[in-house]
Amino acid sequence: MMKKLLLTGFDPFAHYNINPSWEAVKALPEVIGSFSVHKMLLPNIYGTAGRLLLEEAERLKPDVILMTGMDSGSIRLHLDAVAVNLRDALLEDNKGAAPWGEPVVPGAPAADFATIPTHALVKRLQKQGCSVHLGYCTGGYVCNDIFYTALHRFNGTPVKTGFAHVPLLPQMVWDESKALPLEETVKTLRQIIENLSEILTEEEHA
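The following paragraphs examine the structure supplied in this document. (Residues numbered from 1 in each chain as written. Predicted model: local features only at pLDDT ≥ 70, side-chain atom pairs only at ≥ 80, totals over all residues. Heavy atoms only, no water.)

Here seven strands make up an open sheet; going across it, the order is β2-β3-β1-β4-β11-β5-β10 and the pairing mixed. With partners counted over all chains shown, the strands left at the sheet margins are β2 (31-32) and β10 (132-135), one partner each. Summarising the sheet, strand β5 (residues 77-80) and strand β11 (residues 160-167) pair through three bridges and their orientation is antiparallel. Across the sheet, His78 pairs through a bridge with His165, a residue of β11. (Pairing = 2+ DSSP bridges. Helix = DSSP H or I, 4+ residues; strand = E, 2+ residues; numbered from the N terminus.)

With that out of the way, let us pick up the packing of aromatic side chains. Considering all chains together, one arrives at four aromatic pairs under this definition. Relative to Tyr141, the ring of Tyr46 has its centre 5.8 Å away and its plane inclined at 85 degrees; by these criteria the two rings are edge-to-face. Within this pair, whereas Tyr46 is found in the loop between β3 (35-42) and α2 (48-60), its partner Tyr141 is found in the loop between β10 and α4 (142-154), the two being separated by 95 residues in sequence. (Phe/Tyr/Trp six-rings, centres within 6.5 Å; stacked < 30°, edge-to-face > 60°.)

The next point concerns α2. Given a rise of 1.5 Å per residue, 13 residues ought to cover 18 Å, and the 18 Å separating the end C-alpha atoms of α2 matches this to within 8%. All of the buried residues along α2 are Ala49, Gly50, Leu53, Glu56, Ala57 and Leu60. Seen from one end, α2 has its buried residues packed into an arc of 130 degrees, which puts them on one side. Against β1 (3-10), β3, β4 (64-71) and α4 lie the buried residues of α2. At the C-terminal side of α2, Lys61 shows a positive phi close to 55 degrees. (Expected span 1.5 Å × (residues − 1). Buried < 20%, exposed > 50% of the residue type's maximum accessible area, 1.4 Å probe, protein only. Arc of directions from axis to C-beta. Contact = heavy atoms within 4.5 Å.)

A full pass over the atoms with the stated rule returns 11 salt bridges. For Glu23, the salt bridge identified is with Lys26, shortest N-O distance 3.5 Å. Taken together, the positions of Glu23 and Lys26, both in helix α1 (residues 20-27) and three residues apart, correspond to about one turn of that helix. Glu23 gets classed as partly exposed once you look at its relative accessible area, which sits at 21%. One salt bridge in this structure joins Arg124 and Glu202, with 3.1 Å as the shortest N-O distance. With Arg124 in helix α3 (residues 118-127) and Glu202 in helix α5 (residues 182-205), the pair connects residues that are 78 residues apart, well separated along the chain. The exposure class of Arg124 is partly exposed, given its relative accessible area of 21%. Here Glu202 falls in the partly exposed class, since its relative accessible area comes to 45%. (Salt bridge = Lys/Arg side-chain N within 4 Å of Asp/Glu carboxyl O.)

Quick look at the structure:
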C-alpha cells in the first residue's frame, strides 16, 4: 500500500528570483519508493507558510512530511535534526516582516527533534557515497518556522516530519564552485526519499 508524502519547497525571497528547493521538488516524480508524492509550494512568510502547511496536511493526511529550503552556505544537501522555537530574521520575509527573538509557538518547548530517522538516514546515505550531511538546526528564518510548526503539531502522532536543505543553483552565483547543478540536487533528494521509504518499510516489518 502506498504511503503519502507531503513534500514542500519555497518560493523565491530577498534578491533571488529562483528558489532551488521548489525547483528540485517540481522535478521529482510523483511516485518514489513506497511514497505517493504530493508537492506544495510555500511562501517565504512567517506564520502564513506554517498555517498553509498544516491546512494541507489536514486535508491530505500524509504519513510523512518532508520540507525543503535553500541553504546559501553549502554545496551539499543536509538533513536537519532540530527545529527551535525562535524567529530570528536576518532579512525580511516576503511581506516585509523581520521578527527578532520571538517564539514560533508561545509557551511551547524550546526545541523539537525531527521525527524521521535523520541520523540513520545520513549514515545510510553516506555509506552509499551520497553527499548528504547532518544539520543541527534550521536557523531562525521561515525554514525553521515551518519545521517547528509541523513538529509541534505532529509530535506524538504517527506522522513523521523532517527537513532538508538544498544548495544554490549555478545560475544564482558568480562562482559555480559554490553551487550544485539542479540535476545533482534532484538526484540526491530522490535518494533521500528512497532511503526513507526503505527504512520506514524495514521498521514496519521488524
